[in-house]
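Remarks on the overall topology
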Amino acid sequence: MRVILPTFAKINLTLRIINKRRDGYHNLVSTFMKIPSGDVLYISESTAGIDIVNANIPLQGENIVAKALRVAREDGFKIPPLNVMIHKSIPPGSGLGAGSGNAAAVLEFFGAERVAAKVGADVPFLCSGINLAIVSGIGEHVEKIDERLVHGVIAIPEWQTETKTAYSELDAMGYEVDTMLARTESRDIYHANAGRRVGLLPNDFLKVLLKKHTKYNELFRMFDKAGADAWGVSGSGSAAFAVLNKPTVFAWPGYVKHVLYF
């Protein structure tokens, strides 16, 4: 028997990095919004007696789905060896947490949500059943925000962002916002965006990204000209997004390789 699982991703509507911890992880405050990813997992028991995880795009290192299975078993969950085929729609390095969404789908299927924080920073939110939240710590604290219907568009460019490198570059530049200010900022921006324009949303990684890819400014001008309520970059990049108040058709430049509406 084969199980087919759809999975989710996320957008960071806001993202502030607070500090670097002694264990090497970073504390953050971010407004997370869940979105459909288009990724699908096909799961069956492995006749080889070991986990076999493949995807329609190359995977490097230990895939996060394999990590989720390993961590769940280490925590006592009885999960048989699996054959997992991942059909990816969102490329890695987009800042949308699609890989974390893959892991969250597996954990939820086996009832192993309690190990989510041990698997990855975005996984607790994507396991939470919450669609919109302020997320803090290293991702383990998820605080639900009252939802309203939000539509928008995501542009995924030809370049990718390696998260570890982006954090290292940001560490060298320093941080500017403390936890309470970041939480207040997130709430104020979210509520202010109900019916009026906000413009560019705060993301500390923009300090790194705009130095490398000035084409973000072209995308932001497109969103502004189209009358979008707000726009920004998700996670450490590379995906740019806009919150739209009406259906909009864009003439995308050639470096935009994938477009996702939500």
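Our structure is the block above this text.
Now for a look at the structure at hand. Since the model is a prediction, treat every value here as computed from it, not as a measurement.

Right, let's get into the sheet that holds strand S8 (residues 199-200). Taken together, 5 strands build an open sheet; the order of strands is S8-S9-S10-S7-S11 and the sheet is mixed. Because the sheet does not close on itself, it has two edges, and the strands there are S8 and strand S11 (256-261). When S8 meets strand S9 (residues 230-233), the two strands line up parallel, connected through 2 bridges. What sits directly across from glycine 199, in S9, is alanine 230.

This brings us to the pattern of salt bridges. Scanning the entire structure with this criterion turns up 15 salt bridges. Close ionic contact of aspartate 75 with lysine 118 constitutes a salt bridge, the shortest N to O distance being 3.4 Å. A residue pair is termed long-range when its members are at least 10 positions apart, and aspartate 75 in the loop between helix H1 (64-74) and strand S4 (82-87) and lysine 118 in helix H3 (residues 116-119) qualify at 43 residues. Judged by its relative accessible area of 25%, aspartate 75 falls in the partly exposed class. Residue lysine 118 is classed as exposed on the basis of its relative accessible area of 53%. Several salt bridges share partner residues, and in doing so they unite Arg16, Glu185 and Asp204 into one network.

Each value, and the rule that gives it
Residues numbered from 1 in each chain as written. Predicted model: local features only at pLDDT ≥ 70, side-chain atom pairs only at ≥ 80, totals over all residues. Heavy atoms only, no water. Pairing = 2+ DSSP bridges. Helix = DSSP H or I, 4+ residues; strand = E, 2+ residues; numbered from the N terminus. Salt bridge = Lys/Arg side-chain N within 4 Å of Asp/Glu carboxyl O. Buried < 20%, exposed > 50% of the residue type's maximum accessible area, 1.4 Å probe, protein only.

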